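Residues per chain are reported as follows:
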Amino acid sequence: MVRFGGKWCKAHRSGKEWRITTLNHKSPMLIGEYRHAIDEKRRFALPVKFRKVLGKRVVITHGLDNCLFIFSTAEWKGIVEKLARLSMGQADSRAFGRYLFSGAAEVEVDTLGRFLVPQELATRAELSDKAVLIGVNDRVELWNEARWTKYRAEVEKHADAVAEKLGAIGVL
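Overview of the structure. (Residues numbered from 1 in each chain as written. Predicted model: local features only at pLDDT ≥ 70, side-chain atom pairs only at ≥ 80, totals over all residues. Heavy atoms only, no water.)

**Observations regarding the pattern of salt bridges**
(1) Moving on: Applying the stated rule across the entire model yields twelve salt bridges.
(2) Moving on: Between Asp110 and Arg114 there is a salt bridge; the shortest N-O distance is 2.8 Å.
(3) Moving on: Across the pair Asp138 and Arg139 runs a salt bridge, and its minimum N-O distance is 3.6 Å.
(4) Moving on: In this structure, a network of salt bridges that share partners links the residues Glu33, Arg35, Glu145, Arg152 and Glu156. (Salt bridge = Lys/Arg side-chain N within 4 Å of Asp/Glu carboxyl O.)

This is the structure in structure tokens:
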């Protein structure tokens, strides 16, 4: 088993050639909540569990609900491919593509697991000294700590009602 393009694959050797076969299961999930400080240079450290999944380069961009999204480069390529299939004739498709791509930056993760949050993105997400990283399956979200605390409390108030709706359509 090897990691290739962000996915777990089988490697087979045939003579001098290597053949890579992707497996049917997705790469490991990103889960959990981690609170960290942001240093004066806008560097933020990824938890070890996240580093193992995301790799040495990540893409950070505008998220939804006033957070930032962080993707592995392999996951980002998948999003780019999906967005490329949308019609440029639809205003919503154009607008969302502009929103997501205009703020995107590919950044390196250093040997200590830190990455630099671009100034425009840090300002947009109102990141100052403390922030929260949340694993959300295929991405990491970076939140202002106070905003995350308030958002989570609001969601928790309505979790039962949301679960009821999801249960009605067979998700839960």
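**Thoughts on the nonpolar core**
(1) Moving on: In terms of nonpolar packing, the biggest core is built from 23 residues, with Ile60, Ile70, Phe115, Val117, Leu127 and Leu142 touching the most fellow members.
(2) Moving on: In terms of residues, this core owes the most to one element, helix H1 (residues 48-54), which gives three residues.
(3) Moving on: Sequence-distant contacts of Phe115, that is, excluding residues within four places in its chain, are made with Arg42, Arg43, Phe44, Leu46, Ile60, Ile70, Val107, Glu108, Val109 and Leu142.
(4) Moving on: Within the second largest apolar cluster, twelve residues are counted, among which are Leu83, Val132, Ile134 and Trp143. (Core = buried A, V, L, I, M, F, W, Y, C linked by side-chain atoms within 4.5 Å. Buried < 20%, exposed > 50% of the residue type's maximum accessible area, 1.4 Å probe, protein only. Helix = DSSP H or I, 4+ residues; strand = E, 2+ residues; numbered from the N terminus. Contact = heavy atoms within 4.5 Å.)

**Re the sheet that holds strand E8 (residues 105-108)**
(1) Moving on: Reading across from one edge, E4-E10-E11-E7-E6-E8 is the order of the six strands in this open sheet, with antiparallel pairing throughout. The strands lining the two open edges of the sheet, one partner per strand, are strand E4 (30-37) and E8. Pairs of neighbouring strands in the sheet enclose a mean axial angle of 25°, with direction left out of account.
(2) Moving on: Here E4 pairs with strand E10 (residues 130-137) via eight bridges, running antiparallel. (Pairing = 2+ DSSP bridges. Axes fitted to C-alpha atoms, helices over the stretch in contact; angles between N-to-C directions.)

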